[in-house]
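Observations on chain architecture
Below, each chain spelled out in residue letters.
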Amino acid sequence: ITMTSALMAKYFNDVRWVHTFHSLERIRYKYIQKEKQKSMGLINWMQSSVTYPDAIISVSRSLKKEILKAYPDLKENKVFYIPNGVDTEIFKPGDLQSQDKRVLFVARFSLEKGIDLVEKIAWALLRKNNKVKVELIIPIYESMSEQMERIKNHLETLEKTFPERVIWHKEAVNREELAKIYNNCLVYIQPSRYESF
C-alpha cells in the first residue's frame, strides 16, 4: 500500500519519491510462515513498481547488489547505500569485567531470524558452561503455525530447565530498555538465514 500511495503521489501531485529497501521480500519468501505467504503475490506486485521512485536507498552494500540483480531495468545511479545508524551515546558496552557471561538474541519469532537455531545454540551453551546466561527478546505472536508453536514449546522447556539462567522477554521492550540489555551482554548472536546487512 505504501508503494502504491507513493506512486500515486508522484504522478498526481508531482512529488519526488525516495524509497528505502530494508530487504528483498522475494528472498525472504522461503522463510515466511505459510499463512503469510498468501500475501507474496501482493508484495511482488508492489515491488514491480520499484523502477518508478526517483531514488532508492539501500541499507547495505550487499542489499544494493541484490536490488540491482533482482531489477535489471533499474538504473544503478538511482540506488544509494546509506547504512543503518546506531546512536553510540545510547548503545555502548559497559564494564565487561563485571558483567555476567550473558548471551543475547533479539528478533521476531521467525525462521528467517533463525529462531529454531537459537534454541539449539542456547541448549548447547547452558549445558557446557554453568556461568552462562541467555537473554532472549522474542515477542510472542497470538497466532503461530504448528512449527512455530513447537519451537515456542522448546524455548519454554529451556526456560523451565534453566530458570535462573534464561531470561525471556516475551513482549517488545522500549528503546531505553533494549539499549541497557544490549550494553550488558557479553556476546550477541544473530543466526539469521537472511539479513539485508
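Let me sum up the structure you'll find in this document. Values in this document were obtained by computation on a predicted structure and should not be read as measured data. (Residues numbered from 1 in each chain as written. Predicted model: local features only at pLDDT ≥ 70, side-chain atom pairs only at ≥ 80, totals over all residues. Heavy atoms only, no water.)

**Brief notes about the layout of surface pockets**
By volume, the largest pocket is sized at about 670 Å³. Along the walls of the largest pocket sit 24 residues, with Asn 84, Lys 113, Tyr 182, Glu 195 and Phe 197 positioned nearest its centre. Tallied by class, the residues present in the lining of the largest pocket amount to 13 nonpolar, 6 polar and 5 charged. (1 Å grid on protein atoms, 1.4 Å probe; cavity = no way out; pocket = protein on both sides within 12 Å on 5 of 7 lines; lining within 4 Å. Points joined across faces, edges and corners; volume = space filled by probe spheres on them. Nonpolar A, V, L, I, M, F, W, Y, C, P; charged D, E, K, R; others polar.)

**Some thoughts on the sheet that holds strand S3 (residues 79–81)**
Spatial strand order, S1-S2-S3: 3 strands in an open sheet with parallel pairing. Strands with a single pairing partner mark the edges of an open sheet, and in this sheet they are strand S1 (18–21) and S3. Strand-to-strand twist across the sheet, computed as the mean angle between neighbouring axes with direction ignored, equals 25°. Relative to strand S2 (residues 55–58), S1 runs parallel, the two being bridged by 4 bridges. Across the sheet, the residue bridging to His 19 is Ile 56, located in S2. Packed on one face of the sheet, helix H5 (residues 61–70) meets S1, S2 and S3 and runs near 135° to S2. (Pairing = 2+ DSSP bridges. Helix = DSSP H or I, 4+ residues; strand = E, 2+ residues; numbered from the N terminus. Axes fitted to C-alpha atoms, helices over the stretch in contact; angles between N-to-C directions. Contact = heavy atoms within 4.5 Å.)

**Some details on the packing of helix H6 (residues 115–128) against helix H7 (residues 146–161)**
The geometry of H6 relative to H7 is characterised by a closest axis approach of 10 Å and an angle of 20° between their N-to-C directions. As far as their axial angle goes, H7 and H6 are roughly parallel. By crossing handedness, the relation of H6 to H7 is classed as left-handed. Residues Ile 115, Asp 116, Glu 119, Ala 122, Trp 123 and Leu 126 of H6 lie in contact with H7, whose contacting residues are Met 148, Ile 151, His 154, Leu 155, Thr 157, Leu 158 and Thr 161. Across the contact of H6 with H7, the residue classes break down as 8 nonpolar, 3 polar and 2 charged. (Parallel < 35°, antiparallel > 145°, perpendicular 65-115°, else oblique. Left-handed = near helix turned anticlockwise from the far one by under 90°.)

**Here's the deal with the nonpolar core**
The biggest cluster of nonpolar side chains holds 23 residues, and the ones touching the most others in it are Phe 109, Ile 115, Leu 136 and Leu 155. Only strand S4 (101–106), H6, strand S5 (132–137), H7 and strand S6 (166–169) provide two or more residues apiece to this core. When near neighbours in sequence (up to four residues on either side) are disregarded, Ile 115 contacts Phe 105, Phe 109, Ser 110, Ile 138, Met 148, Ile 151 and Leu 155. Residues Leu 24, Leu 74, Val 79 and Tyr 194 belong to the second largest nonpolar core, which totals 11 residues. (Core = buried A, V, L, I, M, F, W, Y, C linked by side-chain atoms within 4.5 Å. Buried < 20%, exposed > 50% of the residue type's maximum accessible area, 1.4 Å probe, protein only.)

**Topic: H7**
For H7, spanning 16 residues, the distance from its first C-alpha to its last is 22 Å, which sits close to the expected 22 Å at 1.5 Å a residue. All of the buried residues along H7 are Met 148, Ile 151, Lys 152, Leu 155 and Leu 158. Down the axis of H7, the smallest arc covering the buried residues is 115°, so these residues share one side. Facing away from the buried side of H7 by over 90 degrees, the exposed positions are Glu 146 and Lys 160. Buried residues belonging to H7 abut H6, S5 and S6. (Expected span 1.5 Å × (residues − 1). Arc of directions from axis to C-beta.)

**With respect to the sheet that holds strand S7 (residues 187–188)**
Read across the open sheet, the 4 strands follow the order S6-S5-S4-S7; overall the sheet is parallel. The strands lining the two open edges of the sheet, one partner per strand, are S6 and S7. Strand direction decides the pairing type here: S4 and S5, joined by 6 bridges, are parallel. For Lys 101, the partnering residue across the bridge sits in S5 and is Val 132. Where H6 meets the sheet, it contacts S4, S5 and S6, and its direction lies at approximately 160° from that of S5.

Remember, this is a structural readout, not a statement about activity or role.
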